[in-house]
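This is what each chain is made of:
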Amino acid sequence: MEQLVTSDFKLGIIAGGQLAKMLIQEASKWDIITYVMDNDEHCPASTIASKFIKGSNTDFDSVYNFGKNVDLLTFELENINIDALKKLKSEGHKIIPDPEILELIQDKGKQKEFYRQKNIPTAPYGLYRNREEIRKGIEDGRIKYPFVQKLREGGYDGRGVVVVNDAGELNKLLDSLSVVENKVEIDKEIAVIAARNKKGEIKCYPVVEMVFDPHANLVDKLICPSTITAEQSENAIRIAGKLIDLLDMQGLLAVEFFLDTNGEIMVNEVAPRTHNSGHHTIESIITSQFEQHLRTIFDLPLGSTRLKLPAVMINILGAEGYQGPVKYLGLTESMAIEGVKIHLYGKKITKPFRKMGHVTILSDTLESALEKAEKVKKLIKVLS
Ligand SMILES: Nc1ncnc2c1ncn2[C@@H]1O[C@H](COP(=O)(O)OP(=O)(O)OP(=O)(O)O)[C@@H](O)[C@H]1O
Ligand SMILES: [Mg+2]
């Protein structure tokens, strides 16, 4: 740490969205120099990075040249040119988390194979090359309704995920390399963020419970502590810790789970980075996920993940029907409520359901935090 802050050590971050912005906010507390690469010069992190470099995360040359000019490379998203990362690694550059782990996780098919090999509970599935193969799978009985098709690569925020309930919905099928898995009767969706440093020290955050807006297919509210049983919660935390250990990973691993209507926990997917489900940690946990990410990549002692106060997090999303330069309503009234913490990412243009910011609401009880969150939801509007 001492060496880190007394040199001109450069931390490189691929992509400059809100996760990078919040990471830089933490890094700046420790006076760490941050370089950010993004294709959009108006991205959220561009105004606070020590240096902004324009470049595409999927382009070999952009990623390679950016990586060559920093002392340690990390990232805020999965969709990165892997060949460039591998070449950088082979030339001795430090990339954390490791490109091999990113490569495994980029492909939902490989991810599922990993869970199967390691006996990690997950929804039963098959791998298919295209729409035609899926149709054949249905005809010969390998695939049964209802099922979920997921593109193996490139999906995010629910894009690339199709639920097919019956033959009448087959026109929704996408034509690409896919995972086809049983549709789970979901009772709850939960997530656990695990952290691991080079020494193999592991710390997991308390379980958060996600409430989805079915219309936007985005997290609508997130609560911590979750309302699941202590046994279910211990189970989820145990699996998250086991996964990060099995991956022999340095960094953060966000693990998304389903809890089905029989009370069974299964892994949906993982992300090797800071996560939307950990935004509340900035205010509600002793060590935020962003500080913890820095602690893992610099191999520092991990910080406490103890919850200070019950928290609810809501995303501030662009309203339906509005697109253009953003205008916010209701921020001032919301701030008047005790425990309301507003985060705006600084995106200049709003679009329907675009993540423009989030609000964390802290209170003495989860019930009162939820009541306040409802008030805030009604107050804040993102228009143009
Ligand atoms: N097997 C399943 N059964 C029922 N619902 C599912 C299943 N798989 C996914 N879903 C629903 O679709 C959502 C998105 O799926 P998934 O997390 O795999 O995709 P994603 O595009 O990576 O999403 P995100 O970026 O929002 O995490 C899940 O949160 C869940 O609500
Ligand atoms: Mg997901």
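Model, not experiment: these values are computed from the prediction.

Each value, and the rule that gives it
Positions within a chain are numbered from 1, following the residues in the order the chain's sequence is written. Each chain gets a letter, beginning with A, and each ligand a number, beginning with 1, in the order they are written. Only residues with pLDDT of 70 or above have their local features reported here, since the model is predicted, and side-chain atom pairs are shown and tallied only from 80 upward, although totals for entire chains, interfaces and linings are computed over all residues. Here, axes are lines fitted to C-alpha atoms. For helices the fit covers the stretch in contact, and angles between N-to-C directions go from 0 to 180 degrees. Helix and strand definitions follow DSSP, with helices as H or I runs of at least four residues and strands as E runs of at least two, each counted in order from the N terminus. If an angle is under 35 degrees, it is roughly parallel; if it is over 145, roughly antiparallel; if it lies from 65 to 115, roughly perpendicular; otherwise it is oblique. Take the far helix as the reference: if the near one is turned anticlockwise from it by less than a right angle, the crossing is left-handed, and if turned clockwise, right-handed. Note that contacts rest on C-beta atoms placed from the backbone: two residues are in contact if these are within 7 Å. Each residue is assigned to one class: nonpolar for Ala, Val, Leu, Ile, Met, Phe, Trp, Tyr, Cys and Pro, charged for Asp, Glu, Lys and Arg, and polar for all the others, Gly among them. If DSSP finds at least two bridges between two strands, the strands pair. Domain delimitation in this document rests on an assignment produced automatically or drawn from a domain database.

1. Considering the packing of helix 4 (residues 82-90) against helix 5 (residues 99-106)
For step 1, the next point in the chain: Two elements in contact, helix 4 and helix 5, have axes separated by 9 Å at closest approach and are oriented at 165 degrees. One element, helix 4, and the other, helix 5, form an angle in the roughly antiparallel class. The crossing of helix 4 and helix 5 is left-handed. Across the interface between the two elements, Ile-82, Leu-85, Lys-86 and Lys-89 of helix 4 pack against Pro-99, Leu-102, Glu-103 and Gln-106 of helix 5.
For step 2, the next point in the chain: Per-class residue counts for the contact of helix 4 with helix 5 are 4 nonpolar, 1 polar and 3 charged.

2. Focus: the sheet that holds strand 1 (residues 10-14)
For step 1, the next point in the chain: The 4 strands are arranged 3-2-1-4 in an open sheet whose pairing can be described as parallel. Each edge of the open sheet is held by one strand with a lone partner, namely strand 3 (51-54) and strand 4 (72-75). Averaged over all pairs of adjacent strands, the angle between strand axes in this sheet comes to 25 degrees, irrespective of strand direction.
For step 2, the next point in the chain: Note: strand 1 against strand 2 (residues 33-38), 5 bridges, orientation parallel. In the strand pairing of strand 2, Gly-12 is matched with Tyr-35.
For step 3, the next point in the chain: Set on the sheet, helix 3 (residues 60-68) makes contact with strand 1, strand 2, strand 3 and strand 4; between it and strand 1 the angle comes to about 165 degrees.

3. Examining the domain arrangement of the chain
For step 1, the next point in the chain: Taken as a whole, the chain is organised into domain 1 (2-95), domain 2 (124-182) and domain 3 (186-383).
For step 2, the next point in the chain: Computed from C-alpha atoms alone, the centre-to-centre distance between domain 1 and domain 3 is 23 Å.
For step 3, the next point in the chain: Taken residue by residue, the interface counts 17 residues in domain 1 and 16 residues in domain 3.
For step 4, the next point in the chain: Looking at the side of domain 1 that touches domain 3, the elements with two or more residues in it are helix 2 (18-29) and strand 4.
For step 5, the next point in the chain: The biggest single contributor to the side of domain 1 that touches domain 3 is helix 2, with 7 residues.
For step 6, the next point in the chain: Grouping the constituent residues of the side of domain 1 that touches domain 3 by class yields 9 nonpolar, 4 polar and 4 charged.

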